[in-house]
Amino acid sequence: MNVPSSFTILVVSPDAERRARAATALEKTAKVLQADGISPALDEISLGPPTVALIDYALEHDAVTGLIGALGDLDRAVLWVSQVQPELLVYGALVQIPYSTDDAALVEAVERLANVQRLKESTARDSERVKRLDHVFDVVRSVRHEINSPLTAVMAETDLLLMDGDRLSTEQKRSLATIAEMASRIRDLCVRLRELDTDGMS
């Protein structure tokens, strides 16, 4: 399983050896950032949240919870622990990886979370597109409604005037015929807008 190289992994651990191990294992998966404590980790997060943060549970409890809060999404956090801590599940869907886990399993867990983030971002983009499209259809409906009433009146008045053709000059008849033709084109456009709206809603 691979993730795009534009993804970033933040490894936060006070243990230099563990940081180096994780960085070596993960560098083929994504760009790896390292921090040895909460302050440099928060600095990295402030520049833009990483795709996934691998947080060493050897940090103080407040530092761990502070980092998870700063990430803003539990699905961005993988806890690296000496042993699985069931009490941490109260925070939600936290992934916990024991130190003893081999590098391949560590990489797989991080990649899985990175792919969850990719899917969430894709879903958010799709949702935004749907909202924009709904707005376009609302505008189409509004424009069609605003045009229909005056257009019907224009067409009716033009027809009435043309029925009284004996009293009109040739130039007046030609002008009214042009108005009727233009009104008919606008009506056809309204029909096409209605079809577009209907197709978009189906």
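Scroll up to find the structure.
As a starting point, this report considers the structure included with it. Treat the numbers as computed from the prediction; the structure is a model and nothing was measured. (Residues numbered from 1 in each chain as written. Predicted model: local features only at pLDDT ≥ 70, side-chain atom pairs only at ≥ 80, totals over all residues. Heavy atoms only, no water.)

## Let's talk about the overall build of the chain
Phase 1: Along the chain, the regular secondary structure elements total five helices and five strands.
Phase 2: Going from N to C terminus, the chain has its helices and strands arranged as β-α-β-α-β-α-β-β-α-α.
Phase 3: Here the C-alpha atoms of the chain give a radius of gyration of 32 Å, more than 25% beyond the 17 Å that 2.2 N^0.38 yields for 202 residues.
Phase 4: The dimensions of the chain, computed from C-alpha atoms along their principal axes, are 100 × 30 × 30 Å.
Phase 5: Counting across all 202 residues of the chain, residues that qualify as buried make up 35%.
Phase 6: Accessible area of the chain: about 12,200 Å², with a carbon and sulfur share of 54%.
Phase 7: Within the chain, one finds 22 positive and 32 negative side-chain charges whose respective centroids are separated by 7 Å. (Helix = DSSP H or I, 4+ residues; strand = E, 2+ residues; numbered from the N terminus. Rg over C-alpha atoms; globule rule 2.2 N^0.38 Å. Buried < 20%, exposed > 50% of the residue type's maximum accessible area, 1.4 Å probe, protein only. Areas by Shrake-Rupley, 256 points an atom, 1.4 Å probe, with all protein chains shown as cover. Lys, Arg positive; Asp, Glu negative; His and termini not counted. Charge placed at Lys NZ, Arg CZ, Asp CG, Glu CD.)

## Considerations on the side chain of R76
Phase 1: Note that R76 resides in the loop between α3 (61-71) and β4 (77-81).
Phase 2: You can call R76 buried: its relative accessible area is 13%.
Phase 3: Side-chain polar atoms of R76 contact the backbone oxygen of P50, separated by 2.9 Å.
Phase 4: Non-local contacts of R76, meaning those with residues more than four positions away in its chain, are made with P49, P50, T51, V52, A53, L71, L113, Q117 and E121. (Polar contact = N/O pair within 3.5 Å; in protein donor to acceptor, adjacent residues only side chain to side chain. Contact = heavy atoms within 4.5 Å.)

## Considering the nonpolar core
Phase 1: Residues I9, A22, L26, V52, L54, V78 and W80 are the most contacted members of the largest nonpolar core, which totals 19 residues.
Phase 2: Elements supplying a minimum of two residues to this core: β1 (8-12), α1 (16-26), β3 (52-56), β4 and α4 (103-163).
Phase 3: Top element by residues in this core is α4. It accounts for six residues.
Phase 4: In this structure, L54 is in contact with L10, V11, V12, A22, L26, V78, W80 and L106, ignoring residues within four places of it in sequence.
Phase 5: Counting 18 residues, the second-largest nonpolar core is a separate cluster that includes V12, L67, L71 and A77. (Core = buried A, V, L, I, M, F, W, Y, C linked by side-chain atoms within 4.5 Å.)

## A word on the pattern of salt bridges
Phase 1: A full pass over the atoms with the stated rule returns six salt bridges.
Phase 2: Note that D15 is salt-bridged to R18, the shortest N-O span being 3.8 Å.
Phase 3: A relative accessible area of 25% means that D15 is categorised as partly exposed.
Phase 4: A single salt-bridge network, built from bridges that share partners, covers D15, R18 and D56. (Salt bridge = Lys/Arg side-chain N within 4 Å of Asp/Glu carboxyl O.)

## Description of the pairing of β1
Phase 1: Of all the five residues making up β1, five are buried; the element is thus mostly covered by neighbouring parts of the structure.
Phase 2: Neither face of β1 is left uncovered, since the one carrying T8, L10 and V12 and the one carrying I9 and V11 both have all their residues buried.
Phase 3: Of the pairings in the sheet, the one linking β1 to strand β2 (residues 31-35) comprises five bridges and is parallel in character. Across the sheet, the residue bridging to V12 is A35, located in β2. (Pairing = 2+ DSSP bridges.)

## Describing α1
Phase 1: Listing the buried residues of α1 in full gives R18, R19, A22, A23, A25 and L26. For α1, the angular spread of buried residues about the axis comes to 165°, placing them on one side. Of the residues in α1, the exposed ones pointing more than 90 degrees away from the buried face are E17 and T24.
Phase 2: Two or three places before E17, at the opening of α1, D15 has a side-chain oxygen 2.9 Å from that residue's backbone nitrogen. (Arc of directions from axis to C-beta.)

## Quick word on the packing of aromatic side chains
Each pair of aromatic rings is reported with the distance of its centres and the angle of its planes.
Phase 1: Summed over the entire model, instances satisfying the criterion amount to one aromatic pair.
Phase 2: Taken together, a centroid distance of 5.9 Å and an interplanar angle of 75° make the contact between W80 and Y99 edge-to-face. One end of the pair, W80, is in strand β4; the other, Y99, is in the loop between β5 (95-98) and α4, with 19 residues separating them in the sequence.
Phase 3: Assessed through its relative accessible area of 1%, W80 is described here as buried. (Phe/Tyr/Trp six-rings, centres within 6.5 Å; stacked < 30°, edge-to-face > 60°.)

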